[in-house]
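The primary structure of each chain is shown beneath.
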Amino acid sequence: MLLFFILGLLVHFVFFGSIFDIYFTSPLVHGMTPQFTPLPPPAKRLVLFVADGLRADALYEFDENGNPRAPFIRNIIMHEGSWGISHTRVPTESRPGHVALIAGFYEDVSAVAKGWKENPVGFDSLINESKYTWSWGSPDILTMFAKGVGGDHIYTYSYDAESEDFGAQDVTKLDTWVFDHVKEFFHAARNNQSLFSKVNEEKIVFFLHLLGIDTNGHAHRPTSREYKDNIKVVDDGIKEIVSMLEHFYGNDGKTAFIFTSDHGMTDWGFHGAGHPSETLTPFVTWGAGIKYPQKVSAQKFDDAFLKEWKLENWKRQDIHQADVAPLMASLIGVPFPLNSVGILPIDYLNNTDLFRAESMFTNAMQILEQFKVKMTQKKEAILPFFFTPFKLLSESKQLNILRKARSYIKQRKYDEAVSLCKELIHLALKGLSYYHTYDRFFLGVNVVLGFVGWTSYASLLIIKSHSNLTRGVSKEVKKPSHLLACSFTALGVLVAFFLLIQDCPWTYYVYCLLPIPIWYAVLREFRVIQDFVLSLLTFPPSQLVAYLFIFTLGIEVLVLSFFYRYMLTAGLVAFACWPFITQLRTRAKSISLSWIFFSLLLAVFPLMPVVGRKPDIFLVMGAGLLVLLLSLCVVTSLLKRKDHFINEELLLHLFQMLSIVLSMYVVYTTHDSLLKKQGLPLFNQIISWITLASSFVLPLLSPTSLFERLFSILLSSMSAYLLLSTGYEALFPLVLSCLMFVWIQVEQETLQQPSVSYKQKVTSLQFTCSPDITQFRQLYLDDVRRAFFLVFFLVTAFFGTGNIASINSFDLASVYCFLTVFSPFMMGALMMWKILIPFVLVMCAFEAVQLTTQLSSKRLFLMVLIISDIMALHFFFLVKDYGSWLDIGTRFSLPVTCFFFSFCSISHYVIVMSMTIVLVFLNGLAHLLMTKKLELCGKPKSHLI
């Protein structure tokens with residue numbers, strides 16, 4: 001059995017990793033020839049301002065006094081330049097946004113594995129192509145464009161990462177720091193001949209990354225006074241920098257300016273998904289090579305923004321975020337970034353028709369180069385008779401379009417040339433996608449074969465070794481026929497040879513060869529399959545159909561709950577009705593009523609909002625008070641029930657209650673301190689970390705009786721959970737724990753199998769590290785329900801209040817009791833622990849269920865494995881490689897720009913696959929928490945039997 005679980009973990013790691021090889025490999029290719037417009041560029045230098053986290057409406061709207069919120073930018077729109085909205089793609093995060101702006105492509109998801117900080121794949125960018133680039137701002141953003149770039153033409157100036165403090169009194173200093181250092185730089189350039197010579201070169205870039213707005217948005221929300229005042233600070237700073245630069249360069253008219261944002265932000269202070277507030281960012285450009293304002297009587301955009309912003313008479317020109325890179329390259333005459341998929345927005349260019357046509361032709365050549373390289377790579381890796389080219393863009397068609405476009409330019413038919421180049425770009429982009437996903441179907445089929453085979457084998461193992469369904473089959477393993485073994489060996493050799501001659505990556509061998517031994521193991525159990533089918537035929541058909549329908553319905557409810565959280569509510573309501581169709585309601589009325597009450601109470605949480613909720617510190621305080629009230633009742637009950645209540649035990653419970661009080665104090669005072677902009681008190685930070693660390697140890701000091709150990713785990717978990725809560729979710733673990741304790745009692749009451757020798761009162765049950773395996777029983781049909789309950793409760797624990805599938809479902813304020821300085825990995829780890837706490841509570845309860853029902857965890861784990869694998873197979877077919885983290889994790893009718901619509905994405909598959917892998921860890925952790933007993937004062941360890 002141990003070998004089976006090890007192999008099972010390895011197989012699931014393969015299935016887990018396959019999704020990244022199939023759907024999320026890097027789309028970037030290398031080996032293209034640089035392309036640039038052969039005509040003189042209109043600008044010698046470019047200044048790029050990126051206001052991190054700035055929403056389009058926040059910039060363009062008027063303030064409460066009827067004045068422009070950014071008067072300088074408003075003046076540019078009306079008198080000097082062009083404007084519009086830059087439409088971003090999900091994930092709406094800082095790194096992908098900046099990569100799209102400066103490199104012209106949408107970051108592949110492999111970067112998320114490195115926290116959006118490192119470059120998983122090298123790429124070209126405008127900064128790399130420039131003669132010189134000077135940049136100021138956040139170290140997280142600036143370094144990714146300088147890292148790995150040869151030469152010494154990129155210079156970065158950044159503040160310390162500790163400056164990004166959400167609890168700081170004034171985070172506008174992040175922006176004023178940038179403006180001040182830019183001024184100092186140009187002041188130094190006047191007195192430094194070498195530097196003065198460099199800043200007067202052509203093809204240079206100045207990049208100002210302004211993080212204050214994003215930080216204020218996270219800390220105070222975009223509707224706050226701090227966020228809006230920060231916009232005014234940025235507007236004033238840009239005005240000063242522009243004036244200084246024009247004076248420095250003697251108003252030579254050779255400077256192009258671009259002001260935009262990497263992403264927006266929701267009203268509740270988050271980004272990462274596809275809500276319009278996250279995907280609609282401002283875009284304003286002026287200076288050399290840029291069209292002046294154009295007055296129009298009608299706009300092509302059918303929305304309410306223009307009238308609201310009072311810009312309905314000024315031509316609005318929207319672009320995609322990746323289009324900014326080719327625009328900037330065209331303005332200063334550098335090669336278009338090699339991996340750019342942006343389409344040059346020529347309507348922004350104030351230049352000759354010839355320049356516009358030539359620039360678009362260059363854009364088409366640059367994207368076509370990527371298509372050619374991608375096609376060549378794929379063609380060389382596939383046998384000629386298996387290769388299927390992209391028919392819409394054959395070599396003859398490429399040449400024909402290029403010849404026509406060049407002919408139109410010579411004939412001065414510039415509009416026709418531009419139109420033809422755009423057609424070529426769209427075809428090339430389609431071709432890039434075609435070759436990038438070329439192997440997707442082939443790999444998907446092999447993974448599905450492995451999935452189905454593994455699930456079938458696990459089912460057969462349960463039927464054969466852990467149930468009474470195959471009474472006529474010997475439990476000994478039959479020696480398989482040599483013909484079957486030779487056939488599968490020959491098939492494996494053929495598959496390996498096929499992959500070898502095509503020079504496939506080593507992972508392809510894993511995905512394609514794995515199904516072979518799995519299906520061999522399935523088919524060698526033919527006798528078990530045959531006997532199982534005969535056993536099923538003995539069941540009444542109506543009963544068999546009913547069981548199959550209920551099982552299928554349960555699986556589909558679990559799957560749908562990943563898209564529609566209210567399906568969890570429906571499931572919990574169904575659970576509440578369960579006692580009415582069993583003998584439970586008559587045999588244990590009080591337990592049945594408790595089950596109904598807590599099931600319905602827990603059913604409320606999936607109906608509560610995951611995103612957009614406002615912090616409510618009083619709900620956190622209320623949850624703490626309820627835990628304290630429950631603790632007093634329990635301690636009083638223990639004092640009355642026990643003849644002698646050990647002093648150490650009483651002190652432990654009192655200390656845990658004190659931890660709850662301290663957590664409430666820390667949450668309240670931290671919230672108050674941050675409101676006053678006084679930062680995170682050091683005392684609160686110390687207490688928070690001590691409480692978190694002690695929550696792992698304190699339960700191990702409590703007695704191993706079922707009730708007291710579960711109670712101790714709840715108190716320790718709640719003390720940590722309160723510190724990580726901002727609202728109603730603080731009540732969730734308490735309600736879940738109450739339901740779990742009732743579940744333990746319910747399962748004991750439902751025991752009716754003759755193999756179960758006795759039933760004890762739940763409160764008197766003791767845990768031991770060495771359970772008596774002779775008392776373990778075979779699996780029965782009712783155990784399928786227990787396995788389903790476990791999976792359902794785990795999914796409820798995950799989606800009950802928020803989850804990692806949706807970045808937007810978390811408030812950064814959740815971790816403010818521990819730290820306020822931006823640290824994505826530490827913050828992510830704390831949020832991960834917040835997610836795991838309900839999981840641990842469920843698994844500890846399940847450990848108790850196994851004890852009360854005398855059921856082996858290994859046997860039940862097999863059924864959980866099958867249920868989760870069937871769910872994973874659902875999600876495998878629904879995975880897509882675009883969309884938002886929120887769509888990825890909750891109902892996709894929105895956030896983050898759309899990560900989209902009604903399909904599931906990678907996170908659902910990852911969650912279910914991780915469930916199997918993580919359950920092994922959680923089962924071990926729960927076993928440790930429930931059975932281990934630490935003794936203080938040097939007493940030896942002991943376990944009550």
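Everything that follows concerns the structure shown earlier in this document.
Thresholds applied
Residues numbered from 1 in each chain as written. Predicted model: local features only at pLDDT ≥ 70, side-chain atom pairs only at ≥ 80, totals over all residues. Heavy atoms only, no water. Helix = DSSP H or I, 4+ residues; strand = E, 2+ residues; numbered from the N terminus. Buried < 20%, exposed > 50% of the residue type's maximum accessible area, 1.4 Å probe, protein only. Areas by Shrake-Rupley, 256 points an atom, 1.4 Å probe, with all protein chains shown as cover. Contact = heavy atoms within 4.5 Å. Pairing = 2+ DSSP bridges. Core = buried A, V, L, I, M, F, W, Y, C linked by side-chain atoms within 4.5 Å. Patch = residues over 30% accessible without salt bridge, like charges linked within 9 Å, V, L, I, M, F, W, Y side chains within 5 Å. Salt bridge = Lys/Arg side-chain N within 4 Å of Asp/Glu carboxyl O. Phe/Tyr/Trp six-rings, centres within 6.5 Å; stacked < 30°, edge-to-face > 60°. Axes fitted to C-alpha atoms, helices over the stretch in contact; angles between N-to-C directions. Parallel < 35°, antiparallel > 145°, perpendicular 65-115°, else oblique. Nonpolar A, V, L, I, M, F, W, Y, C, P; charged D, E, K, R; others polar. Disulfide = S-S within 2.5 Å. Expected span 1.5 Å × (residues − 1).

Caption draft 1: Fine view of the overall build of the chain. Tallying secondary structure elements over the chain gives 35 helices and eight strands in all. When burial is assessed residue by residue, the chain has 57% of its 945 residues classed as buried. Accessible surface for the chain amounts to roughly 39300 Å². Of this, 63% is attributable to carbon and sulfur atoms.

Caption draft 2: Broad picture of the side chain of T37. As for its position among the elements, T37 is in the loop between α1 (2-23) and β1 (45-51). Since its relative accessible area comes to 8%, T37 is described here as buried. Beyond its immediate stretch of four places on either side in the chain, T37 contacts F336, F355, E358, S359 and T362.

Caption draft 3: Structural view of the sheet that holds strand β7 (residues 280-287). Taken in spatial order, the eight strands line up as β4-β3-β5-β1-β6-β7-β2-β8 in an open sheet, and their pairing is mixed. Each edge of the sheet is formed by a strand with only one pairing partner; in this case those strands are β4 (154-158) and β8 (319-320). Alignment of β1 against strand β6 (residues 255-260), held across six bridges, turns out to be parallel. In the strand pairing of β6, F49 is matched with F259.

Caption draft 4: Molecular detail of the nonpolar core. W595, F793 and M871 are the most contacted members of the largest nonpolar core, which has 147 residues in total. The greatest single-element share of this core, amounting to 17 residues, is contributed by helix α32 (residues 824-853). The residues touching M871, leaving out its near neighbours within four places in the chain, are I555, L558, V559, F562, V791, V795 and V912. Within the second largest apolar cluster, 69 residues are counted, among which are F207, F283, I319 and Y414.

Caption draft 5: A look at a nonpolar patch on the surface. A cluster of nonpolar residues, L3, I6, L7 and L10, forms a patch on the protein surface that exposes about 390 Å² of accessible area. Residue position: I6 is located in helix α1. Residue I6 is classed as partly exposed on the basis of its relative accessible area, which comes to 43%.

Caption draft 6: Geometry of the packing of aromatic side chains. What the rule picks out here adds up to 66 aromatic pairs. With a centroid separation of 5.7 Å and 15° between ring planes, the pair formed by W134 and Y155 is classed as stacked. Here the residue W134 occupies a position in strand β3 (residues 132-137), and Y155 occupies one in strand β4, the gap between them amounting to 21 residues. Overall, the relative accessible area of 1% leaves W134 in the buried class.

Caption draft 7: How the structure looks around the packing of helix α22 (residues 541-561) against helix α31 (residues 781-799). In contact at an axis separation of 10 Å, α22 and α31 are set at 10° when each is read in the N-to-C sense. Here α22 is positioned roughly parallel relative to α31, judged by the angle of their axes. The segment α22 lies against α31, with Y547, F551, G554, I555, V557, L558 and S561 engaging L781, V784, F788, V791, F792 and V795. Partitioning the contact of α22 with α31 into residue classes produces 11 nonpolar, two polar and no charged.

Caption draft 8: Region of interest: the environment of F598. Examined against the element boundaries, F598 turns out to sit in helix α25 (residues 589-602). By relative accessible area, F598 is classed as buried at 19%. Separated by 140 residues in the primary sequence, F598 and C738 place their C-alpha atoms 6.9 Å from one another. With residues up to four places along the chain from it excluded, the contact list for F598 reads V735, C738, L739 and V742.

Caption draft 9: Expanded view of the pairing of β7. Counting buried positions along β7 gives seven out of eight residues, so the element sits mostly inside the fold. Pairing analysis gives seven bridges linking strand β2 (residues 81-87) to β7, with the strands arranged antiparallel. Bridge pairing in β7 places I85 opposite P282. Two strands pair when backbone bridges link them, and β6 and β7 are joined in this way by five bridges, in the antiparallel orientation. Following the sheet pairing, I258 is matched in β7 by T285.

Caption draft 10: Structural context of the pattern of salt bridges. Counting across every chain of the model gives 19 salt bridges. A salt bridge links D57 to R55; the shortest N-O distance between them is 2.9 Å. For D57, a relative accessible area of 19% corresponds to the buried category. Residue classification places R55 among the buried residues on the basis of a relative accessible area of 10%. Via salt bridges that share partners, E747, D783, R785 and R786 belong to a single interconnected network.

Caption draft 11: Focus on the side chain of T281. By the secondary structure assignment, T281 is in strand β7. Residue T281 is classed as buried on the basis of its relative accessible area, which comes to 0%.

Caption draft 12: Highlighting the state of the cysteines. A complete count under the given rule lists zero disulfides for this structure. Sulfur of C504: no disulfide; nearest cysteine sulfur belongs to C512 and is 7.3 Å away. A residue is classified by how much of its surface remains accessible, and C504, at 17% relative accessible area, is buried.

Caption draft 13: Summary view of helix α16 (residues 414-436). Its 23 residues give α16 an end-to-end C-alpha distance of 33 Å, which sits within 8% of 33 Å, the value for a rise of 1.5 Å per residue. For α16, the set of buried residues is Y414, A417, V418, L420, C421, L424, I425, L427, A428, G431, L432 and Y435. On the buried face of α16, the contacting elements are α14 (353-380) and α15 (395-410).

Caption draft 14: Local environment of the environment of L499. Looking at where L499 falls in the secondary structure, it is placed in helix α18 (residues 482-501). With a relative accessible area of 0%, L499 lands in the buried category. Distance from L499 to I382, taken between C-alpha atoms, is 9.5 Å for residues 117 residues apart in sequence.

Caption draft 15: Structural detail: the pairing of β6. Buried residues dominate β6, accounting for six of its six residues. Burial along β6 is two-sided: T255, F257 and F259 and A256, I258 and T260, pointing in opposite directions, are all buried.

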